[in-house]
Amino acid sequence: MDLGTDGAPTVLPQTHNASLRVETPLASAPFDGSRILIKPTPYEFQAIREARWRDTAPIMIRDHVISHVRTSQAFRNAIVDTSPANAELTLVSELTAFHVMHQNSKLHVIIRLHTELVQNNQRESICVRNWNIMEPVADSQQESIVQGFSKAANRLGDDLTRWMAECVDQSHNTVEN
């Protein structure tokens, strides 16, 4: 399974003269795997039978974020952590939730990501934010669950890209010079 994109891509009005490296989020079990997870009770996780992501959840999030950043044209260049190229900025993050859970008798996709935008020359975090994306799921069918993950990931990708661009706007003198 893969995360889908929806609607027209978001293109931001300004391109910053900075390269951005997007690191693969840190994650611990059970979020570091490729199983599609559901949390039926507050105390346990279960994998949805015969359903797997195309890669691990951290790589899926990294690839989805980099796609949104590149489409937005918010930065001169956007690279992933496996690239040998230099970048002025790095997005580091930690994935602490990537699952479906019951809340108020309804299913919701939950994505939680702690993010820091780092100015590489000084190795200083210039912006820090915690994201808690919650997306309702129509029913318990596998297709509906994957659509819920896609909607949540798209919202995260768009909002995170805007946030990084705003962060650079506020820190303009130290980032692009």
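Further up the page is the structure itself.
Keep in mind that what you see is a predicted model, and the values were worked out from it rather than measured. (Residues numbered from 1 in each chain as written. Predicted model: local features only at pLDDT ≥ 70, side-chain atom pairs only at ≥ 80, totals over all residues. Heavy atoms only, no water.)

Some thoughts on the overall build of the protein chain
Basically, it comes down to this: Secondary structure elements follow DSSP: runs of H or I no shorter than four residues count as helices, runs of E no shorter than two count as strands, and numbering proceeds from the N terminus. Note that the radius of gyration is over C-alpha atoms, with the globule rule given as 2.2 Å times the number of residues to the power 0.38. Think of it in three bands: residues with accessible area under 20% of the maximum for their type are buried, residues over 50% are exposed, and the middle band is partly exposed, with areas taken using a 1.4 Å probe on protein chains only. Any pair of residues with heavy atoms lying within 4.5 Å of one another is described as a contacting pair. Residue exposure ignores everything except the shown protein chains as possible cover, and the areas themselves are Shrake-Rupley values with a 1.4 Å probe. Here the positive residues are Lys and Arg and the negative ones are Asp and Glu; neither His nor the chain ends is included. Where a charge lies is defined by one atom per residue type, namely NZ (Lys), CZ (Arg), CG (Asp) and CD (Glu).
Looking only at helices and strands, one finds three helices and seven strands in the protein chain. Beginning at the N terminus, the succession of helices and strands in the protein chain can be written as β-β-β-α-β-β-β-β-α-α. Against the 2.2 N^0.38 benchmark of 16 Å for 177 residues, the protein chain shows a C-alpha radius of gyration of 17 Å, consistent with a compact globule. By its C-alpha atoms, the protein chain is 50 × 30 × 30 Å across when sized along the principal axes. For the protein chain, the proportion of its 177 residues judged to be buried stands at 46%. Sequence-distant contacts, at least 24 apart, represent 67% of the contacts inside the protein chain between residues at least 6 apart. Surface exposure of the protein chain reaches about 9,100 Å², of which carbon and sulfur atoms provide 45%. Side chains of the protein chain give 16 positive and 21 negative charges; the mean places of these two sets differ by 3 Å.

Here we look at the packing of aromatic side chains
Put simply, the test is: A pair of Phe, Tyr and Trp rings is counted when the ring centres sit within 6.5 Å of each other, with Trp represented by its six-membered ring. The angle between the planes then sorts it: under 30 degrees is stacked, over 60 is edge-to-face, the rest tilted. Only Lys NZ and Arg CZ are tested; either one counts as a charge over a ring when it is within 6 Å of the ring centre and within 35 degrees of the ring normal.
For the structure shown, the criterion picks out five aromatic pairs. For the ring pair W53 and F98, a centre distance of 5.8 Å and an interplane angle of 55 degrees mean the geometry is tilted. On the criterion of sequence distance, the pair formed by W53 in the loop between β3 (44-52) and α1 (57-72) and F98 in strand β5 (residues 89-103) is long-range, its members being 45 residues apart. Relative to W163, the ring of W131 has its centre 5.9 Å away and its plane inclined at 85 degrees; by these criteria the two rings are edge-to-face. Here W131 is found in strand β7 (residues 124-136), whereas its partner W163 is found in helix α2 (residues 142-170), with 32 residues between them in sequence. What makes W131 buried here is its relative accessible area of 4%. Here the aromatic residues W53, F98 and F149 are joined through ring pairs into a cluster of three or more. Taking NZ or CZ as reference, R129 lies 3.8 Å from the ring centre of W131, over its face.

Some words on the state of the cysteines
Let me state the cut-off plainly: When the sulfur atoms of two cysteines come within 2.5 Å, that pair is taken as a disulfide.
Considering all chains together, one arrives at one disulfide under this definition. One disulfide in the model links C127 with C167; its S-S distance is 2.0 Å. The sign of the S-S torsion, about 105 degrees, decides the handedness of the disulfide formed by C127 and C167: right-handed. Of this pair, C127 sits in strand β7 while C167 sits in helix α2; the two residues are 40 residues apart in sequence, bridging distant segments of the chain. According to the relative accessible area criterion, C167 is buried, its value standing at 1%.

Details of the pattern of salt bridges
Rule in force here: The salt bridge definition used is simple: a Lys or Arg side-chain nitrogen within 4 Å of an Asp or Glu carboxyl oxygen.
Inspection of the entire model under this criterion finds eight salt bridges. Residues D63 and R54 are paired through a salt bridge, measuring 3.0 Å at the closest nitrogen-oxygen approach. Given the relative accessible area of 21%, D63 is considered partly exposed. Classification of R54 as partly exposed rests on a relative accessible area of 42%.

Some words on unusual backbone geometry
A negative phi holds for most residues other than glycine; trans holds for most peptide bonds. With an omega of 5 degrees, the peptide bond between A29 and P30 qualifies as cis. Its location among the elements puts P30 in the loop between β1 (16-22) and β2 (35-41). Phi at R123 takes a positive value of approximately 50 degrees, unusual for a residue other than glycine. Looking at where R123 falls in the secondary structure, it is placed in the loop between β6 (106-119) and β7. Owing to a relative accessible area of 60%, R123 belongs among the exposed residues under this scheme.

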